Every structure is written in structure tokens, then in C-alpha cells.
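As a plain string of letters, each chain reads:
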Amino acid sequence: MARINDNFQKLPGSYLFSKIAHRVADYKQLNPQSKIIRMGIGDVTLPLCDAVVKAMEHATEEMAHRETFRGYGPEQGYAFLAQTILDNEYATRGVSLETDEIFISDGAKSDTGNIGDILGLDNIVAVTDPVYPVYVDTNVMAGRAGNLLENGHWSNIVYMPVTKDNGFVPELPQKRVDVIYLCFPNNPTGTTLTKAQLKKFVDYARENEALILFDAAYEAFIREKDVPHSIYEIEGAKEVAIEFRSFSKTAGFTGTRCGYTIIPKTVIAYNEKGEKVALNRLWNRRQCTKFNGTPYIVQRAAEAVYSQAGKEQVRAQVDYYMGNAKIICESLQAAGYEVFGGVNGPYVWTKTPENMNSWEFFDYLLKEKNIVATPGVGFGPSGEGYIRFSALGDRDNTIEAMKRLD
Ligand code: PLP
């Protein structure tokens, strides 16, 4: 008898964004004339920049000729891209890494979701609340999360609330934990940690033999000085942290798919005998078995992000989105809303008015203003009473949506 992984059945039925899509579709069916502006899902809207497109075209041409055609590439990614990333993203910030400490992938969702493959099932996992749902759901699938409680938390997961009350800075876990997921700049709140705030987590991990899984998918949106772009800017992090990055939001690769994971060879965890094991080796083994590499064309496209033209063009795109974020923040504030984030990240986390809950405010925005935003509670119980606006949309639509809130 073929048996399923019963953990999958513990997952609540509907994924947040499909629930939103259904509500919007139902409304649209009843109100076909309505011009709905979508500020919900965090997808980019600008096309790939010229430098990237040219590199893709060139790589496609290479694939069309016997002499330059490429078949399977290295599972870890091509050295040309690995070295370019290390030179541009890390060496420039004083972080020295070798090319066998970076693993190119098809994006940060896969990597943050799959990293649990190399970690024991008895680890106690900590996440922020609210949180990017992938960290929690993949731990549910693996069997690390326990059972879903009435308050929306999982019995074996340790939650670190990030709310207005603590300035969106998580406190260290109350109970000893083994694995800590951190995402800064944060999705969904758009807020960040300073170096000093992040250092507390690195110190905690070092003192407690814990591992930090640091998701830096939004680092390109950082504007303020004291905000770390990489966790390796923090002393001691190279022994306790894995970092995930993505070209999705940075360079408009949500549909093109490329990201990478950094696992310094010094990052260790423990086997059943309590001996140290390098996680780099385990992840390499995992990738070689389960992943056959990011397409050559896509890796050449990602490389072009770091050409002189690419850097300028990608920077202009990020500036455009952060221009949207500014418009959203200022308009919401002018309309009397309390807003957070939007300064170092492309999300604006807004307090719902008049004690409405997240879904009530979602319905109000949809029905009265024809705007779609994402209910904060969908990211965890501490997101109740908030809604997330994405700044990754089109400028004219962003302006139009904000006018409707006057
Ligand atoms: N990590 C965070 C925090 C995200 O918000 C997202 C996408 O929304 C991802 C990772 C996924 O990125 P990718 O497109 O590289 O899979």
C-alpha cells in the first residue's frame, strides 16, 4: 500500500494568495466594470532590463551552435557567475568567500524550502511572526512543526513576534532553539534590522550551537546606512549562518528564475554523535542528487546584472519601486493610516483602521476602493490588524490606487 507523507495533510487547505485570488475573482464576476489595482502579491512589473535581455539573446545564440552549445552544467552553477557574484556582492562589503561556498539555483523559494533536507527532524525551529510562509510550511511537510494550534501557531515552532510594540525587531527566542529563520529586509513588514540588532542573533547562534537561515532576497532595496546587506558583515556569522539571495526582485527575474545560497565551509551543525559536520558538503551532496543546475542562458543573464550597463539599469528599476514605496507611504500617512516599512524594502505594512481585522480591511479595500492588498494575518497571527501593500507595481497604478484612498 502506497502511503502519503501525512504531514502534508496537516497543512491548512488554502494558500494565502489563492484565497485572495478567489475573493478577487468572485468580486470581479459580480462587478465586471471595476478597475481593480493589484498591490497584493509581491511580483515585479518592469520588464527585464536591456543588458540582461542582450546577454540572454547572446547565450541563446550560443546554444544554437554545435561549438558553443552547452548541455548539463555544474549543479552548483557556472564559475563565471559564482565569481561575479562574489566580487560584486561580497568582496565589495569586505566579505571574502570562495566559489565553492556559493550555490547558484533557480531561486530563493526552492533553496529556503529545500534547506531542511540537510537538517535533522528533531531541530527546534524559530521563525518571526508574521513570516514568509515557505519557512513554516516546509517544516510542516518535513514533520518538524508539530500540530496546528487554535491560535494559528504550530506546537513545535518557536515564534518571535514582530509588531509595532517591539518596533518590528524580534527578541531572541525565549526557549532554546536550534534553527532560526530570519528575513531582512523583511517580507511582509518591509522593515529591517541594524547591524547591532542582527549581531545579537549571531551571538545567540554561536553561544547555543544554533544555525541561522538568513533570507536576504530584498537586500537590493536597502537605502539606509547601518543596515546589513549580508549577514556575513556581522562578525562570527560565517560559522553559524547560511544566506539566501535572489535575482527575482533585484533584477526582475521572478519569471526567469535565478538565485543563490551561500554556505561558507566553516558553517557547521552536529551529527548524532555530537560531532561537527560542514553543511557546505551536505548541501553540495543534496544539490548534486536533486538539482541539475540553473539554465546556462539564465546564468549568463544574471551575470549581465553586474555589467556596467546592467548595474545602472537594475539600480534604476529598484529606484522605481522604491519611488512607489515612498508614494504609498506618504499617501497612506496623509490619509491617516499608520505605516511601517517601505524605506529599505518594497513592502508597506499598514495598520488597519478602526480596529478592523486584516480580512475586513481587505474586503473594504477590494469593494470600496477596488484595490487588492495582502491581509497581514495571512503571514501569521501577529500580522492580524495589518495589511501589506506591495511597491513592486506599475507607477501609474500605484498613484491611482493611492488617490482612491484620499
Ligand atoms: N524569500 C522571500 C522572503 C520572498 O518574499 C520571496 C518571494 O516573494 C522569495 C524568497 C522567493 O524568491 P524567488 O523568486 O527567488 O524564489
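Residues numbered from 1 in each chain as written. Predicted model: local features only at pLDDT ≥ 70, side-chain atom pairs only at ≥ 80, totals over all residues. Heavy atoms only, no water.

S.K.: Break down the packing of aromatic side chains for me, citing the residues and quoting the values.
M.R.: Enumeration according to the criterion identifies 19 aromatic pairs in this entry. With centroids separated by 6.1 Å and ring planes inclined at 75°, the aromatic side chains of phenylalanine 247 and tyrosine 306 adopt a geometry described as edge-to-face. Of the two residues, phenylalanine 247 is situated in the loop between β7 (241–246) and α7 (248–251) and tyrosine 306 in the loop between α9 (296–304) and α10 (308–334); the sequence distance between them amounts to 59 residues. Neither phenylalanine 247 nor tyrosine 306 differs from the other in exposure class; each is buried. Taking the centre distance of 5.1 Å and the plane angle of 70° together, the rings of tryptophan 359 and phenylalanine 362 count as edge-to-face. Of this pair, tryptophan 359 and phenylalanine 362 both sit in helix α11 (residues 358–369), separated by three residues, roughly a single helical turn. (Phe/Tyr/Trp six-rings, centres within 6.5 Å; stacked < 30°, edge-to-face > 60°. Helix = DSSP H or I, 4+ residues; strand = E, 2+ residues; numbered from the N terminus. Buried < 20%, exposed > 50% of the residue type's maximum accessible area, 1.4 Å probe, protein only.)

S.K.: I'd like a rundown of the site of the ligand, residues and numbers included.
M.R.: Asn187, Asp215, Tyr218, Ser246 and Ser248 are the nearest of the 14 residues found near the ligand. Aspartate 215 is positioned such that a nitrogen or oxygen atom in its side chain is 2.6 Å from a nitrogen atom of the ligand. Residue lysine 249 places a side-chain N or O atom 2.8 Å away from an oxygen atom belonging to the ligand. The residue makeup of the shell around the ligand, split by class, is six nonpolar, four polar and four charged. (Near = heavy atom within 4 Å. Polar contact = N/O pair within 3.5 Å; in protein donor to acceptor, adjacent residues only side chain to side chain. Nonpolar A, V, L, I, M, F, W, Y, C, P; charged D, E, K, R; others polar.)

S.K.: Just give me the short version of the domain arrangement of the protein, but keep the residues and values in it.
M.R.: Per the domain assignment, the segments making up the protein are domain 1 (14–47 + 309–405) and domain 2 (79–304). Put simply, the middle of domain 1 and the middle of domain 2, counted by C-alpha atoms, are 25 Å apart. Linking domain 1 with domain 2 are two salt bridges. Of the charged contacts in the structure, one is a salt bridge between glutamate 338 and lysine 164, with a shortest N-O distance of 3.1 Å. (Domains from an automatic or database assignment. Salt bridge = Lys/Arg side-chain N within 4 Å of Asp/Glu carboxyl O.)

S.K.: Could you give an account of the pattern of salt bridges, with specific residues and numbers?
M.R.: Two side chains of opposite charge can pair, provided their charged atoms sit close to one another. One pass over the structure, following the stated rule, counts 19 salt bridges. With a shortest N-O distance of 2.9 Å, aspartate 203 and lysine 199 are connected by a salt bridge. One end of the pair, aspartate 203, and the other, lysine 199, are both in helix α6 (residues 195–208), four residues apart, so they sit about a helical turn from each other. In this structure aspartate 203 comes out as partly exposed when scored by relative accessible area, which is 26%.

S.K.: Lay out the sheet that holds β7 with the relevant residues and their values.
M.R.: Strand order in the open sheet made by the seven strands is β2-β8-β7-β6-β5-β3-β4, with mixed pairing throughout. Each of the sheet's edge strands pairs with one partner strand only, and the pair in question is β2 (102–105) and β4 (157–161). Taken pair by pair, the neighbouring strands of this sheet meet at an average axis angle of 20°, ignoring direction. The sheet contacts of helix α3 (residues 79–90) involve β2, β7 and β8 (259–262), and relative to β2 the element is tilted by about 110°. Strands in contact with helix α8 (residues 279–290) are β2, β6 (211–215), β7 and β8; relative to β2, the strand with the most contacts, it is inclined by about 25°. (Pairing = 2+ DSSP bridges. Axes fitted to C-alpha atoms, helices over the stretch in contact; angles between N-to-C directions. Contact = heavy atoms within 4.5 Å.)

S.K.: Can you explain the sheet that holds strand β12 (residues 347–351)? Please cite residues and give values.
M.R.: Across the sheet, four strands lie side by side as β11-β12-β15-β14; this open sheet has antiparallel pairing. Looking at strand neighbours, the two that pair on one side only are β11 (339–341) and β14 (374–375), the edges of this open sheet. Looking at chain direction, β14 and strand β15 (residues 386–390) are connected through two bridges and run antiparallel. Residue pairing across strands places proline 375 opposite isoleucine 387, the latter belonging to β15. Sheet strands touched by α10: β11, β12 and β15. Its angle to β12, the strand with the most contacts, is close to 15°.

S.K.: Give a description of α3 that names residues and reports values.
M.R.: Its 12 residues give α3 an end-to-end C-alpha distance of 15 Å, which sits within 8% of 16 Å, the value for a rise of 1.5 Å per residue. Tucked into the core, α3 has its buried residues touching β2, β7, β8 and α9. (Expected span 1.5 Å × (residues − 1).)

S.K.: Pulling in residues and values, what's your account of the pairing of β7?
M.R.: Summarising burial for β7: six of the six residues are buried, a large majority. Here β7 shows a buried face lined by Ala241, Glu243 and Arg245 and a second buried face lined by Ile242, Phe244 and Ser246. With four bridges joining them, β6 and β7 adopt parallel strand pairing. Pairing of aspartate 215 across the sheet is with phenylalanine 244, part of β7. As judged from the four bridges shared by β7 and β8, these two strands associate in the antiparallel manner. Across the sheet, residue phenylalanine 244 finds its bridge partner in β8, namely threonine 261.

S.K.: Account for the side chain of threonine 192, with residues named and values stated.
M.R.: Its location among the elements puts threonine 192 in the loop between β5 (179–183) and α6. Of the residues examined, threonine 192 reaches a relative accessible area of 15% and is grouped as buried.

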